[in-house]
2 protein chains.
Amino acid sequence: MKKTRIYMDHIAGTPVAPEVVEAMLPFLRGQYGNPASIHHDGEEPQEALFQSRAHVARLIGAEPEEIIFTSCGTESNNLAIKGIGFLHMGEKKHIVVSAVEHYSVLYAAKALERFGFQVTEVPVDAYGQVNPEDVKKALREDTALVTIMHANNEVGTIQPLQEIARCTKERGIPFHSDAIASVGRIPVDVKALGVDLFSFAASQFGGPKGVGALYCRKGLGIWPLFHGGGQEDGRRTGTENVPGIVGMGKAAQLTLENLPQRMETCKRLEDLLRKGIEDSVDLIKFNGHPQEHIPGLVNVSMRFVEGEALLLHMDLRGVSVAGASACMSITAKASHVLEAMGALGGEALGTLLFTLGEENTEDEVRRTVETLAQVVTMLRAMSPLYKRA
Amino acid sequence: MKKTRIYMDHIAGTPVAPEVVEAMLPFLRGQYGNPASIHHDGEEPQEALFQSRAHVARLIGAEPEEIIFTSCGTESNNLAIKGIGFLHMGEKKHIVVSAVEHYSVLYAAKALERFGFQVTEVPVDAYGQVNPEDVKKALREDTALVTIMHANNEVGTIQPLQEIARCTKERGIPFHSDAIASVGRIPVDVKALGVDLFSFAASQFGGPKGVGALYCRKGLGIWPLFHGGGQEDGRRTGTENVPGIVGMGKAAQLTLENLPQRMETCKRLEDLLRKGIEDSVDLIKFNGHPQEHIPGLVNVSMRFVEGEALLLHMDLRGVSVAGASACMSITAKASHVLEAMGALGGEALGTLLFTLGEENTEDEVRRTVETLAQVVTMLRAMSPLYKRA
């Protein structure tokens, strides 16, 4: 019996689809020309950028000229937030964020405090959801930007973007949403959502690392983070990452074709995983909204076990899962998302984040549940607190 | 007889070495883990980043922790300039640049005018070279940064960085150099040059597009352009472009091994090209420093021909060359570099920029010269000015 490792950390990065690698290869091999060159060798790369932009735009219901290619989701978030902030500096000085944003949003907004901005954090409920009324109340005359994520990357909760967009539109305030965790996992239409800026990354839907995009609604100005030769209409200048962008285009195309199947698979495996955990581990709590969340994401807290020990023992037994977001691994802080949801109890509490992908199988889910049950039993056996409970 | 196209626009991007593509492939195929993940799937990417950083550092004589990976040379330049500018904002407000910098330096510096900075442009001589005395004279009490490129990307002229570094060091002013055109073409040692910040890009020395680096001397602080999860020691956060960085590492390693041979080839072909042009086209002028320039670059102005017509007719006959830098192609402006050198005459003057690479051959050079002679003859035959001359 083959017993390979199990990868359930898709939010940290998905496998790159073989078709994506194949599409990229010509631009790593023969087609090394610069798309800005006006001779023959610039033509194919230029055409490839054109096609990729169309695919990526289609994935989110945008026009091609509304897509700005970036190097990652973090850059997209920073470009949106600082791009609006720097443009309106002096004249406006307020930014609204939610308490559960990714660090690349929270810290980008807070970085603008150095430039005279004030940041208001709207709270979330126990499911991690923002109340649009709270956003409305937070708006000021000098609000330059509202930035509320689409789906949370730790608990998967989907935010009511349409309702929030109605408030911002009424006031003429640009609305940015970090959609890195949602694009590729649920259908997305920026026009229906009503957002003005929308960040996403290829590595979340079968594309390569090193490429992301920012949707910037036609007519909306932003201050570029990079100045230079004038690529991407001057909004993100620098020689384009042609192979990466081609990979993102192909991944977008595949996602458009496969999304219903991908969602169905992820949802089915998620249900199996939830049921399995429920049946074999006690003293647990699932985090996030029970219905309004991205399919395939299971965030579960377990009492009397320590998060890092859990993660490492799962890893030793061949299962890759996350404790929280991948970035959290660097900073090793407690999750600010669970804290904002009031989900961090005073007691010893270990949290694991499983994110499934379309290539996971029912057998893998079963093996994961068995492994988790063994690890939790072992760790609790060592816990003096558990014995006393 | 095989008559394939001739690529002589290496400054717009070099072919990616086959070994580089091979090194990248595992990170596009099996190794899709996030280097920030603390489980098994993060390990190989993490180790690959570690190795690549060491190779890239070695290429320029830096320590690995002094390397910040970016998405391109433009980002490196912007990160250096804005990173120092934003850090010292309010307290210092002056930046010194040369008149022949790439747009990603010139415009990044000018973008800081919005934040209260003043920019002084030091002139260049007829060879495009900066006089260190002019830099010294331009320094003020409130100078935050001096940024002078290493080698010019249009005329190839190498700047006297060591002499400039002596002036900046004396005054304790950070010194940045855009080395995008030089790294991979001449030996580079940041410690010997005395720079504090040094920008370069993989696509200039056999690496892929979409990845660059900034050397940031140990102990020198910069304000990050991106805030977020904390990658690259917080100086350039965002999920790393693992395949791209691995490609840059491999390209750095190959460059270290092959640089003497690469320089010899480029110099030999350059001499052949110069001689060929001199012998077969009259009323020409080579631009740039006759000795102190990067090997393989030939910038030549020809009277009574129009630049764009030259370029297009060369292209039609199978030779890819540039009119000026690739970025210039977007903006379609006259070269600010030639202008600063006083090399833009009042008369009709067409300029071509040939940049050779190690894979070019003597036969290609001969064919290029023949083609150029034909094109110039044809264009001059149509020029009323030439007939009158």
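Just so it is clear, the structure is predicted and the values come from calculations on it, not from any experiment.

J.: Give a description of unusual backbone geometry that names residues and reports values.
T.: Positive phi outside glycine occurs at glutamate 232 of chain A, with the angle close to 50°. Here aspartate 233 of chain B, not a glycine, exhibits a phi torsion of approximately 55°, which is positive. When you line up the elements, aspartate 233 of chain B lands in the loop between strand E8 (212-216) and helix H8 (242-280).

J.: Describe the relation of the copies chain A and chain B, naming the residues involved and giving the relevant values.
T.: In screw terms, the move from chain A to chain B is a rotation of 180° and a rise of 0.0 Å along the axis, fitting with an RMSD of 0.0 Å. The superposition of one copy onto the other is thereby described by a two-fold rotation axis. Relative to the rotation axis, the C-alpha of serine 71 of chain A is the closest in chain A, positioned 3.0 Å from it. In this assembly, 100% of the residues forming the interface of chain A have copies in chain B that are likewise at the interface, indicating an isologous arrangement.

J.: I'd like to hear about the packing of aromatic side chains, residue by residue, with values.
T.: A full pass over the atoms with the stated rule returns 17 aromatic pairs over all chains. Centre to centre, the rings of tyrosine 7 of chain A and tyrosine 32 of chain B are 4.9 Å apart; their planes meet at 80°, and the pair counts as edge-to-face. With tyrosine 7 of chain A in strand E1 (residues 6-7) and tyrosine 32 of chain B in the loop between helix H1 (18-28) and helix H2 (40-60), this pair bridges two chains. With 5.1 Å between their ring centres and 70° between their planes, phenylalanine 86 of chain A and tryptophan 223 of chain A make a pair best called edge-to-face. Within this pair, whereas phenylalanine 86 of chain A is found in helix H3 (residues 73-88), its partner tryptophan 223 of chain A is found in the loop between strand E8 (212-216) and helix H8 (242-280), the two being separated by 137 residues in sequence. The exposure class assigned to tryptophan 223 of chain A is buried, which follows from its relative accessible area of 8%. The rings of Phe86, Phe115 and Trp223 of chain A together with Phe86, Phe115 and Trp223 of chain B are connected pair by pair, giving a single aromatic cluster. The ring centre of phenylalanine 286 of chain B lies 5.1 Å from the NZ or CZ of arginine 274 of chain B, which sits over that ring.

J.: So what's going on with the interface of chain A and chain B? Which residues, and what values?
T.: When the parts of a complex come together, some accessible area is lost, and that lost area is often used as the size of the interface. Facing 72 residues of chain A, the contacting portion of chain B comprises 72 residues. Counting the surface lost from both chain A and chain B, the interface buries some 5,800 Å², and carbon and sulfur atoms represent 63% of this. When residues of chain A are sorted by the area they lose upon contact with chain B, Leu28, Tyr32 and Lys209 of chain A head the list and together hold 13% of the total. The tally of links between chain A and chain B comes to 4 salt bridges. Between glutamate 22 of chain A and arginine 29 of chain B there is a salt bridge; the shortest N-O distance is 3.3 Å. Looking at the side of chain A that touches chain B, the elements that each hand over two or more residues are helix H1 (18-28), helix H2 (40-60), H3, helix H4 (103-111), H8, helix H9 (307-316) and helix H10 (326-331) of chain A.

J.: Can you explain the pattern of salt bridges? Please cite residues and give values.
T.: A side chain of one charge can pair with a side chain of the opposite charge when the charged atoms of the two come close. All names here are of chain A. Under the definition given, this model contains 38 salt bridges over all chains. Two residues, aspartate 196 and arginine 217, come together in a salt bridge whose shortest N-O distance is 2.6 Å. Of this pair, aspartate 196 sits in the loop between helix H7 (190-193) and strand E7 (197-201) while arginine 217 sits in the loop between E8 and H8, and the two are 21 residues apart along the sequence. In this structure aspartate 196 comes out as buried when scored by relative accessible area, which is 7%.

J.: Kindly report on the domain arrangement of chain A, identifying the contributing residues and their values.
T.: All names here are of chain A. Splitting chain A by domain gives domain 1 (6-11 + 259-388) and domain 2 (18-255). The gap between the C-alpha centroids of domain 1 and domain 2 is 28 Å. Counting residues at the interface gives 28 residues for domain 1 and 30 residues for domain 2. Summed over both partners, the interface of domain 1 with domain 2 comes to about 2,500 Å²; 58% of that surface belongs to carbon and sulfur atoms. The largest contributions to the domain 1 side of the interface with domain 2 come from Leu259, Ile294 and His336, which together make up 22% of the buried area. Linking domain 1 to domain 2 there are 12 residue pairs in polar contact (both at pLDDT 80 or more). The biggest single contributor to the side of domain 1 that touches domain 2 is helix H11 (residues 336-340), with 4 residues. Residue composition of the side of domain 1 that touches domain 2, by class: 15 nonpolar, 10 polar and 3 charged.

What counts, and at which threshold
Residues numbered from 1 in each chain as written. Chains lettered and ligands numbered in written order. Predicted model: local features only at pLDDT ≥ 70, side-chain atom pairs only at ≥ 80, totals over all residues. Heavy atoms only, no water. Helix = DSSP H or I, 4+ residues; strand = E, 2+ residues; numbered from the N terminus. Least-squares fit on C-alpha atoms with pLDDT ≥ 70 in both. Contact = heavy atoms within 4.5 Å. Phe/Tyr/Trp six-rings, centres within 6.5 Å; stacked < 30°, edge-to-face > 60°. Buried < 20%, exposed > 50% of the residue type's maximum accessible area, 1.4 Å probe, protein only. Lys NZ or Arg CZ within 6 Å of the ring centre and 35° of its normal. Buried area = accessible area lost by both parts, 1.4 Å probe. Salt bridge = Lys/Arg side-chain N within 4 Å of Asp/Glu carboxyl O. Domains from an automatic or database assignment. Polar contact = N/O pair within 3.5 Å; in protein donor to acceptor, adjacent residues only side chain to side chain. Nonpolar A, V, L, I, M, F, W, Y, C, P; charged D, E, K, R; others polar.

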